[in-house]
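Understanding the architecture of this molecule
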Amino acid sequence: MKIAAIGGGVIGGGWIARFVLSGHDVTVFDPHPEAERIVGEVLANATRAWQGLFQAPLPRSGRVVWASSIAEAVADADYIQESVPERLDLKHRIIAEIEAAAPASAIIGSSTSGFKPSELREAARHPDRIVVAHPFNPVYLLPVVEVVGGGAAAQRASEILTSVGMKPVRIAREIDAHIGDRLLEAIWREALWLVNDGIATTEEIDDIIRFGFGLRWAQMGLFETYRIAGGEAGMRHFLGQFGPALKWPWTKLMDVPDLDDALIDRIAGQSDAQSGAHSIRELERIRDDNLVGIFQALKANDWGVGQTVRAQEAAFYAREVAAPSGYPLELHQTRVAGGWVDYNGHMTEFRYLQVMGDATDAFLIHIGLDAAYRAQGRSAYTVETHIRHIAEVKAGERLTVRTRLLGHDQKRFRLHHAILRDDGTEAATGEHMLLHVDTDAGRAVPMPSLLLAALDRIAAQDSTPHPEHAGQGVRAIRQSEAIA
Ligand SMILES: NC(=O)C1=CN([C@@H]2O[C@H](COP(=O)(O)OP(=O)(O)OC[C@H]3O[C@@H](n4cnc5c(N)ncnc54)[C@H](O)[C@@H]3O)[C@@H](O)[C@H]2O)C=CC1
Ligand SMILES: C[N+](C)(C)CC(=O)CC(=O)[O-]
């Protein structure tokens with residue numbers, strides 16, 4: 001699938017990162033003189049965040065391909081994400097340029113925060129293929145995307161966005177600013193008044209959110225949270241108790257303070273005092289690390305966004321393994337992520353096992369023990385592992401795993417992995433015993449003939465002697481050696 005991105009700023013950069021990390025090449029047009037640097041920095045932060053978020057091996061990244069015009073960027077695109085500044089005249093001009101060059105079947109998703117599809121479609125040649133696909137920042141982490149516009153294009157856009165780990169929420173009736181920004185605008189407006197009236201600083205308001213109800217919102221939203229706040233009688237009691245207060249003039253929702261120089265100076269000054277010690281990119285990394293932690297907590301509870309992470313990981317695990325070019329098998333490659341490096345400045349010990357585990361998974365997929373097979377209640381469990389750490393590897397290094405089958409019978413197989421650096425030297429070896437199990441019964445059972453035949457075929461290629469260390473454990477330290 002060919003993806004094009006028009007605009008590579010805060011949001012365009014986030015979209016590009018999500019598509020690239022999901023394995024798609026993205027053709028980008030943005031006339032900003034520093035667009036490549038900006039997108040590069042967003043992509044670096046996004047890569048770091050994904051490496052921390054997902055346990056599963058990430059797909060092989062796509063490429064960012066820079067185009068010198070909109071026409072060049074969209075020429076053979078299937079899906080085009082428009083993320084230029086929020087001005088309707090500009091969006092109309094961009095859409096016209098896209099339509100003049102893109103295939104008629106291409107879908108155009110607009111990141112617009114406020115414009116309705118009917119406004120974007122004014123004067124379009126193929127209006128039905130233009131939809132709002134409004135994301136939230138950071139696009140590479142937050143899954144939700146408001147899809148407005150209806151019809152086949154909205155359906156197809158939702159499918160494409162789901163395939164890159166997003167959660168499209170289809171909005172049936174178009175309104176200004178969709179749903180998320182309406183809610184956010186209410187709280188933003190109120191917060192500006194509180195600063196304007198000298199009631200609270202930017203930091204105090206942020207503390208009330210981040211130490212309070214902001215934590216609730218990440219996992220239960222508004223209605224579910226208030227249902228609980230109604231006690232055992234739930235939502236009815238909540239509405240009965242707090243409903244009347246809505247008629248009291250608590251808030252200033254329909255009004256907005258004058259954003260004059262004095263108020264802008266006050267807000268910007270307080271914001272500098274609150275967060276100015278960090279650059280924006282640092283703040284992005286702090287935000288991303290916190291989001292990753294929240295996502296992982298929700299994954300452990302199989303709740304909310306944790307379910308999206310789980311589904312994405314399931315898709316990553318079910319990766320296709322390319323046919324190997326020979327034997328020993330080379331089925332898995334990876335790069336040492338920055339977060340894999342410990343205080344010694346090299347890849348930490350348990351990441352070696354992760355790389356070997358991912359290579360074992362690739363082997364299982366190769367012999368047919370894949371997600372579809374596991375769905376039948378059969379799988380493979382590792383019951384013994386011996387790793388030899390041979391050489392240090394540094395962040396960014398590419399690693400290739402070379403795999404041999406050292407033996408098998410009806411219920412067991414014994415694998416040997418060698419993790420190789422780019423110069424072909426061994427960084428580590430691992431030996432692993434796996435059992436074929438009935439996952440419901442929790443016990444080893446014989447493999448079906450299909451798997452056994454695959455193992456037989458592989459074993460027939462293993463003609464060289466086993467490595468000398470095969471079958472050995474950790475050496476004993478003899479007293480005489482210790483003294484010498
Ligand atoms: N910043 C945010 O929090 C969010 C913004 N949005 C929406 O995303 C869209 C983009 O907003 P941001 O990324 O924040 O703006 P931005 O100012 O960070 O990025 C806009 C980018 O568009 C580029 N651009 C300008 N003219 C162009 C042209 N003719 N062709 C291609 N690129 C062009 C600019 O060089 C810039 O890199 C807007 O519609 C906005 O409402 C949606 C969700 C959140
Ligand atoms: C401020 N904003 C209207 C551009 C924000 C959004 O559209 C969504 C977000 O990420 O908060």
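Here the residue numbers are simple positions, counted from 1 along each chain's written sequence. Chain labels run from A onward and ligand labels from 1 onward, assigned in the order the entries are written. With pLDDT at 70 or above as the cut-off, local features in this predicted model cover only qualifying residues; side-chain atom pairs require 80 or more to be listed or tallied, and sums for whole chains, interfaces and linings still use all residues. Excluding hydrogens and water, the side-chain figures rest on all heavy atoms present in the structure.

1. Quick notes on the overall build of the protein
- The numbering of helices and of strands both runs from the N terminus, where a helix is a DSSP run of H or I of at least 4 residues and a strand a run of E of at least 2. When its secondary structure is counted, the protein shows 17 helices and 14 strands.
- Principal axes of the C-alpha set define a box for the protein whose edges measure 80 × 55 × 50 Å.
- Using a 1.4 Å probe on the protein chains alone, a residue whose accessible area is under 20% of its type maximum counts as buried, one over 50% counts as exposed, and one in between counts as partly exposed. Residues classed as buried in the protein amount to 41% of the 484 residues present.
- Between two residues, a contact is recorded if the distance between any of their heavy atoms is within 4.5 Å. In the protein, of all internal contacts separated by at least 6 residues, the share reaching a separation of at least 24 is 69%.
- By the counting rule applied here, Lys and Arg register as positive and Asp and Glu as negative, while His and the ends of each chain are not counted. To locate a charge, take atom NZ for lysine, CZ for arginine, CG for aspartate or CD for glutamate. Positive and negative side-chain charges in the protein, numbering 49 and 63 respectively, have mean positions lying 6 Å apart.

2. Brief notes about the environment of Glu204
- Assignment of secondary structure puts Glu204 in helix α8 (residues 202-220).
- On the basis of relative accessible area, Glu204 is assigned to the partly exposed category, the value being 43%.
- Taking the C-alpha atoms as reference, Glu204 lies 27 Å from Val139; in sequence the two are 65 residues apart.

3. Focus: the site of ligand 2
- Here a residue is considered near a molecule or strand provided that any single heavy atom belonging to it is located within 4 Å of it. The environment of ligand 2 is made up of Ser113, His134, Phe136, Asn137, Asp181 and Leu184.
- Residues adjacent in sequence count toward polar contacts only when both atoms are side-chain atoms; beyond that, a polar contact is any pair of N or O atoms within 3.5 Å, and within protein one must be able to donate a hydrogen and the other to accept it. In the model, an oxygen atom of ligand 2 is placed 2.7 Å from a nitrogen or oxygen of the His134 side chain.
- A distance of 2.7 Å separates an oxygen atom of ligand 2 from a polar atom in the side chain of Asp181.
- Protein contact buries 52% of the 320 Å² of open area that ligand 2 shows by itself.
- Put simply, Ala, Val, Leu, Ile, Met, Phe, Trp, Tyr, Cys and Pro go in the nonpolar bin, Asp, Glu, Lys and Arg in the charged bin, and everything else, Gly too, in the polar bin. When the residues that make up the shell around ligand 2 are grouped by side-chain class, the tally is two nonpolar, three polar and one charged. All accessible areas in this document rest on Shrake-Rupley with a 1.4 Å probe, and a residue is counted as covered only by the protein chains that are shown.

4. Some remarks on the nonpolar core
- As used in this record, nonpolar core signifies buried Ala, Val, Leu, Ile, Met, Phe, Trp, Tyr and Cys residues forming a set joined through side-chain atoms within 4.5 Å. Core analysis: the biggest nonpolar cluster contains 42 residues, and Phe19, Val26, Tyr79, Tyr140, Leu141 and Leu161 have the highest contact counts within it.
- Of all the elements, helix α2 (residues 35-53) adds the most residues to this core, at seven residues.
- Non-local contacts of Tyr140, meaning those with residues more than four positions away in its chain, are made with Gly14, Ala17, Arg18, Val42, Asn45, Ala46, Ala49, Trp50, Arg287 and Asp288.
- Ile6, Ala67, Val74 and Ile98 belong to the second largest nonpolar core, which has 24 residues in total.

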